[in-house]
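Geometric and topological summary
Below are the chains, spelled out letter by letter.
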Amino acid sequence: MLENLMGALDLVLCWENFFWAFVGVFCGAIMGAIPGLTDTMAIVLLLPFTYYLGPIPGIAMLMGLSKGGNFGGSLPAILFNIPGTPQAMCTTFDGHPLAMQGKSGKAMQTALFSSVTADALSDLVLIFLAAPVAAVALHIGPPEYSMVVLFSLVVISVAATADPLRGLLSTALGLLLATVGTDPEYGTLRFTFGIIELSDGISLMPMVIGLLAFSEVLLQAENYFRQRLNGKGAMQQVPVSSDPDDNRMTGKEFKMCLPTIGRSTVIGSIVGIVPGIGTTVGAYLSYLWARRKSKTPEKFGKGALEGIAASEAGNNAVNGPNLVPLVTLGIPGNLAAALILGGFMIKGLVPGPRFMEDHAPLLYALFAVLFISNIFTLFVGSFFIRYARRLTNIPRSALYACILVFSILGSYVYNGNVFDVWVMFCFGIFGYVLIKMSLNLPTLIVAFFLGELLEEKVRQTLLISNGDWTVFGLARSGVQVAGKYYDTYYGNVEAAVTEAGGKLSVEGMMEVTLLYMTDDTETPQTYQTEEPFR
């Protein structure tokens, strides 16, 4: 355990990690603050460039993009009533009314402090849940794993869209696209239509960039010409109060919002662990619960600080727990986690049940990077609050021209192949059509990520059972498996606590977990120790 922690410190304490984490937070905040550019799009556009970085700096940059973009989306929501990201929609309910009262600085600081506090607390949830979930996952065979992946796809299909049928159709399209290429078992070509470049399957990054970035360019171009035809005027200017207290969040106000931030963190963490629900749902549930528990619910919608705190804490608290299924099962909880999974795969790292055991120092280093990114978010956010208005006034024509250039560069850099640029254009048009049909693009992309894994586990199961499909019906219930090993794991922890005289350090708990995870016997054994934990 100590060796792993020392190895993690060696990996983290490097200027490169701090620099790229800062770059990620900075770029994420810029893109999140510009309507139309979300935290997800920031990851999409910059993910190919992490290919030239090491594993820790590359993942640090991606996590920084996610955290910075998540906060950045609240700035235009408060100033102009235009959410920079979908999850910032609830922030407009109270943020913009407060800004129109001349208190935009107070609203933005409330969003910043709530975001960073909830994000840091949710990272602790990831750290303490990753070990027991990974311990359970190590004892799950191909049939159970297939059912877990299938369950995740169903949850994502139903929870991510208002119409479950459209969600299932999006999932089906993603699984179909995952079959393009060479059959892993027989070596035959599938759905390549004679195009030799598709023999290895559809390139990940050109597809994602096309669906999310280029399709957005097409949509915004359409909206731009419609606005020109309608003669829409300029945005209403936001007043600024001359009272210093109206432009900052006081300690008394932060203390008043702490219970709301705590409740929203719990709600967001629960939402984050379940694949497919996402940050937007976390923000909505937190906002509704805060209004229900507030002593002054009549102020909500008119500039209540509790409303801003609930929305921002709820959507940022999803970030940490959302990585639990990714790190332990290799299943991305939402689109941002799926893109971070792509970052892992670019580095040759495959998250899953054995990831914590095989790459323990690396995983601890990534946990540390999360907290480093939170610190940078606090400082970068404080800086951005002063200059947010200028960032949001960038001409749309110049903005989306830059997106198009980055889309082409990102697609080409990934494999150095012009064919990938054409793939990006094709999927951009395809994504535009799917949006017009009200089909969910993130659901399709997550299904594409999981398609290969689902096929692999199903084929392994059928190979073990000699082609008997009933093995899936006879497979052990995932709930029973989780319950069995969950009880055993915490039985080990309880025994160690009793032996230590009622106190067990975090290091001691993690050591119990690692010893439990490396147990090769079919039934986990109770951990025994000669010396008490300190």
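**So, the overall build of the chain**
When you go through the chain residue by residue, the secondary structure sums to 23 helices and two strands. The proportion of buried residues among the 534 residues of the chain is 55%. Across the chain, every contact between residues at least 6 apart in sequence was considered, and the portion connecting residues at least 24 apart equals 78%. Carbon and sulfur atoms make up 64% of the accessible area of the chain, which totals about 23,600 Å².

**Overview of helix 3 (residues 39-46)**
The element helix 3 is extensively covered by neighbouring structure, given that eight of its eight residues are classed as buried. Considered for burial, the residues of helix 3 that qualify are Asp39, Thr40, Met41, Ala42, Ile43, Val44, Leu45 and Leu46.

**Things to note about the packing of helix 6 (residues 89-99) against helix 13 (residues 305-316)**
Running from N to C, helix 6 and helix 13 cross one another at 145 degrees; their axes reach a closest spacing of 8 Å. Relative to helix 13, the crossing made by helix 6 is left-handed. Contacts between helix 6 and helix 13 involve Cys90, Thr91, Asp94, Gly95 and Leu98 from the former and Leu305, Gly307, Ile308, Ser311 and Glu312 from the latter. Taken together, the residues of the contact of helix 6 with helix 13 break down into four nonpolar, four polar and two charged.

**With respect to a nonpolar patch on the surface**
Together, Met147, Leu150, Val154 and Val158 make up a nonpolar patch on the protein surface, roughly 290 Å² of accessible area in all. Among the secondary structure elements, Val154 is positioned in helix 8 (residues 142-159).

**A word on helix 20 (residues 441-464)**
Compared with the 34 Å implied by 1.5 Å per residue over 24 residues, the 35 Å span of helix 20 between its first and last C-alpha is a close match. Of all 24 residues that make up helix 20, 17 are buried, and the element is covered over most of its length. Positive phi appears at Asn466, one or two residues downstream of helix 20, with a value of about 60 degrees.

**Regarding the packing of aromatic side chains**
Under the definition given, this model contains 12 aromatic pairs. Look at Trp15 and Phe19: their rings are 6.3 Å apart centre to centre, the planes differ by 55 degrees, and that puts the pair in the tilted class. Residue Trp15 and its partner Phe19 are both found in helix 2 (residues 15-33); the two are separated by four residues, about one turn of the helix. For Phe19, a relative accessible area of 40% puts it in the partly exposed group. Here the aromatic rings of Phe113 and Phe254 are separated by 6.4 Å at their centres, their planes lie at 85 degrees, and the arrangement is edge-to-face. Pair noted here: Phe113 is in helix 7 (residues 104-137) and Phe254 is in helix 11 (residues 251-273), with a separation of 141 residues, a long-range link. For Phe113, a relative accessible area of 25% gives the class partly exposed. Among the aromatic residues, ring-to-ring pairing joins Phe22, Phe26, Phe376, Phe383 and Phe384 into one connected group.

**Re the nonpolar core**
The nonpolar side chains of soluble globular proteins are, as a tendency, buried together. Counting 115 residues, the largest nonpolar core has Val149, Ile202, Met207, Leu323, Phe344 and Phe367 as the members making the most contacts within it. At 14 residues, the largest contribution of residues to this core is made by helix 17 (residues 360-391). Once you skip the residues sitting within four places of it in the chain, Ile202 turns out to touch Leu177, Val180, Met207, Val423, Phe427 and Phe448. Core analysis: the next-biggest nonpolar cluster, separate from the first, contains seven residues, Cys90, Ala283, Tyr287 and Ala310 among them.

**Describing the confidence of the model for the chain**
Predicted confidence across the chain gives a mean pLDDT of 75, with 76% of residues reaching 70 or more. Across the chain, element-level confidence peaks in helix 19 (residues 418-436) with a mean pLDDT of 90 and bottoms out in helix 23 (residues 506-517) with 42. Of the regions scoring below 50 in pLDDT, residues 476-487 engages in 15 contacts with residues more than four places distant in sequence or in other chains. Per-residue pLDDT stays below 50 along residues 500-534; that stretch engages in 70 contacts with residues further than four places along the chain or on separate chains.

**Side note on unusual backbone geometry**
Residue Phe191 is not a glycine yet carries a positive backbone phi of 55 degrees. Tracing the chain through its elements places Phe191 in the loop between strand 2 (189-190) and helix 10 (204-230). Exposure remark for Phe191: the relative accessible area of 47% places this residue in the partly exposed category. One non-glycine residue, Phe193, lies in positive phi territory at about 55 degrees. Residue placement: Phe193 occurs in the loop between strand 2 and helix 10.

**Quick word on the environment of Trp20**
Structurally, Trp20 is set in helix 2. For the pair Trp20 and Leu62, spaced 42 residues apart in sequence, the C-alpha to C-alpha distance is 8.9 Å. Setting aside chain neighbours within four positions, we find Trp20 in contact with Leu53, Pro57 and Met61.

Procedures and definitions
Residues numbered from 1 in each chain as written. Predicted model: local features only at pLDDT ≥ 70, side-chain atom pairs only at ≥ 80, totals over all residues. Heavy atoms only, no water. Helix = DSSP H or I, 4+ residues; strand = E, 2+ residues; numbered from the N terminus. Buried < 20%, exposed > 50% of the residue type's maximum accessible area, 1.4 Å probe, protein only. Contact = heavy atoms within 4.5 Å. Areas by Shrake-Rupley, 256 points an atom, 1.4 Å probe, with all protein chains shown as cover. Axes fitted to C-alpha atoms, helices over the stretch in contact; angles between N-to-C directions. Left-handed = near helix turned anticlockwise from the far one by under 90°. Nonpolar A, V, L, I, M, F, W, Y, C, P; charged D, E, K, R; others polar. Patch = residues over 30% accessible without salt bridge, like charges linked within 9 Å, V, L, I, M, F, W, Y side chains within 5 Å. Salt bridge = Lys/Arg side-chain N within 4 Å of Asp/Glu carboxyl O. Expected span 1.5 Å × (residues − 1). Phe/Tyr/Trp six-rings, centres within 6.5 Å; stacked < 30°, edge-to-face > 60°. Core = buried A, V, L, I, M, F, W, Y, C linked by side-chain atoms within 4.5 Å. pLDDT = per-residue confidence, 0-100.

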